Amino acid sequence: MIPGEDRAAAPSAAAPPAASGSAAPASSRDPRAIDPREPPRSSRREAALIAASVTACVALAVSFAFDPGRAGAPAMLAALGALYAVLAALAVMWLRRRGELRAALRPLSGDLARGALVAAGLYGLAMAVQLLLAPRGSPREAWVLRLYLQLGDPSADARVFVGALVFVIAALEEIVWRGLVLRALEGPLDRGAAWLLSSALFAAAHAPTLFLLGDPVAGPNPLLVAAGFGCSIVWGRVVHRTGRLAPAVFAHAFFSWAIVSFPIWRP
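The model shown is predicted, which means the values in this text are computed figures rather than measured ones.

A.B. asks: For the overall build of the protein chain, give the residues involved together with the corresponding values.
C.D. replies: Within the protein chain, the secondary structure is distributed over 12 helices and 0 strands. Within the protein chain, buried positions represent 42% of all 267 residues. In the protein chain, of all internal contacts separated by at least 6 residues, the share reaching a separation of at least 24 is 80%. When the accessible surface of the protein chain is split by element, carbon and sulfur atoms take 68% of a total near 14300 Å².

What follows is the structure, given as structure tokens:
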């Protein structure tokens, strides 16, 4: 007999034998229980399908909503709201299946303040860009004019309801683009590449507004495309810094609401 063999074969005194019929370890019941912070990574095919589908659907809705013939009409925001409600529901189901829903969307103390601070910074930047790029009296002022006229009269009393609806749509947008598209792209790509690509796709989805909100004198309107890319960079950074969606959801919603409720341009 090899010395010590009897001790190796004997059960450890510190570890009593499992009781008959006891439940299996958590890790055998749920693979995510091994490390709930690391859900399964999306495959390249799944990520491409999600990103392409969301981008195409949003581009079609944007083409419908920003048609000049629907300027100020309820159908304009209703179309965007309906699409994003469906896409956000799918995003929530996708996050729940991966075990990420609670950690991603549960608000924590300070999220409202953080979101408001980011939104205030973006609002100030939007005002500066408007003054620099499309100052009052220049042909490019028509770009800002057409954007606000598409939403309706910025001085009308109804802007309160328009602002509330825009707040909700923006929150749903963030769940879809950062909660679904960005997270899916982080499967086959590294975080930096997924961050930039998801921002570019968000901007591309608004490309129809280049021509729908363009002006015969000022030319194609780049405002929503440029703002979409720049803001997505910021909101994606917020998600990466906090590891959660809630702060970015508040930042996106507050910013969009402020742009409508406190217009950076008035007639």
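A.B. asks: Break down the nonpolar core for me, citing the residues and quoting the values.
C.D. replies: One broad trend across soluble globular proteins is that nonpolar side chains are buried collectively. Counting residues in hydrophobic clusters, the biggest one holds 66 residues, and the most contacted among them are Val54, Val58, Phe66, Tyr84, Trp177 and Phe255. Elements with a contribution of two residues or more to this core: α3 (44-65), α4 (74-97), α6 (111-133), α7 (141-151), α8 (159-185), α9 (191-205), α11 (223-242) and α12 (246-261). When residues of this core are assigned to their parent elements, the largest contribution, 14 residues, is made by α8.

A.B. asks: Report on the layout of surface pockets, specifying residues and quantitative values.
C.D. replies: A volume near 920 Å³ is recorded for the largest pocket. Lining the largest pocket are 39 residues, with Leu147, Leu224, Ala227, Phe255 and Ile259 sitting closest to its centre. Contributing elements (two or more residues each) for the lining of the largest pocket: α3, α4, α6, α7, α8, α11 and α12. The element contributing the most residues to the lining of the largest pocket is α11, with 9 residues. Split into classes, the residues belonging to the lining of the largest pocket amount to 32 nonpolar, 6 polar and 1 charged.

A.B. asks: Can you tell me about the pattern of salt bridges, naming the residues and giving the values?
C.D. replies: Taken as a whole and judged by the stated rule, the model has 10 salt bridges. The partner of Arg178 in a salt bridge is Glu174, and the shortest N-O contact between them spans 2.7 Å. You can see Arg178 and its partner Glu174 sitting in helix α8, 4 residues apart, about one turn around the helix. Summarising the burial analysis for this pair, Arg178 and Glu174 share the class buried. Salt bridges linked by common partners bring Arg98, Glu100, Arg183 and Glu186 together as one network.

A.B. asks: An account of α11 is requested, with residue identities and associated values reported.
C.D. replies: Taking 1.5 Å of rise per residue, the 20 residues of α11 would be expected to cover 28 Å, and the 28 Å separating its terminal C-alpha atoms lies within 8% of that figure. Here α11 has its buried residues at Leu223, Val225, Gly228, Cys231, Ser232, Ile233, Trp235, Gly236, Val238, Val239 and His240. Tucked into the core, α11 has its buried residues touching α6, α7, α8, α9, α10 (209-212) and α12. At the C-terminal side of α11, Gly243 shows a positive phi close to 75°.

A.B. asks: With reference to specific residues and values, describe the packing of α11 against α12.
C.D. replies: Across the interface, α11 lies against α12 with an axial gap of 8 Å and an inter-helix angle of 155°. Between α11 and α12, the interaxial angle falls into the category roughly antiparallel. For α11 against α12, the interelement crossing comes out right-handed. The residues of α12 that touch α11, namely those facing Cys231, Trp235, Val238, Val239 and Thr242, are Pro247, Ala248, Ala251, His252 and Phe255.

What counts and what doesn't
- Residues numbered from 1 in each chain as written.
- Predicted model: local features only at pLDDT ≥ 70, side-chain atom pairs only at ≥ 80, totals over all residues.
- Heavy atoms only, no water.
- Helix = DSSP H or I, 4+ residues; strand = E, 2+ residues; numbered from the N terminus.
- Buried < 20%, exposed > 50% of the residue type's maximum accessible area, 1.4 Å probe, protein only.
- Contact = heavy atoms within 4.5 Å.
- Areas by Shrake-Rupley, 256 points an atom, 1.4 Å probe, with all protein chains shown as cover.
- Core = buried A, V, L, I, M, F, W, Y, C linked by side-chain atoms within 4.5 Å.
- 1 Å grid on protein atoms, 1.4 Å probe; cavity = no way out; pocket = protein on both sides within 12 Å on 5 of 7 lines; lining within 4 Å.
- Points joined across faces, edges and corners; volume = space filled by probe spheres on them.
- Nonpolar A, V, L, I, M, F, W, Y, C, P; charged D, E, K, R; others polar.
- Salt bridge = Lys/Arg side-chain N within 4 Å of Asp/Glu carboxyl O.
- Expected span 1.5 Å × (residues − 1).
- Axes fitted to C-alpha atoms, helices over the stretch in contact; angles between N-to-C directions.
- Parallel < 35°, antiparallel > 145°, perpendicular 65-115°, else oblique.
- Left-handed = near helix turned anticlockwise from the far one by under 90°.

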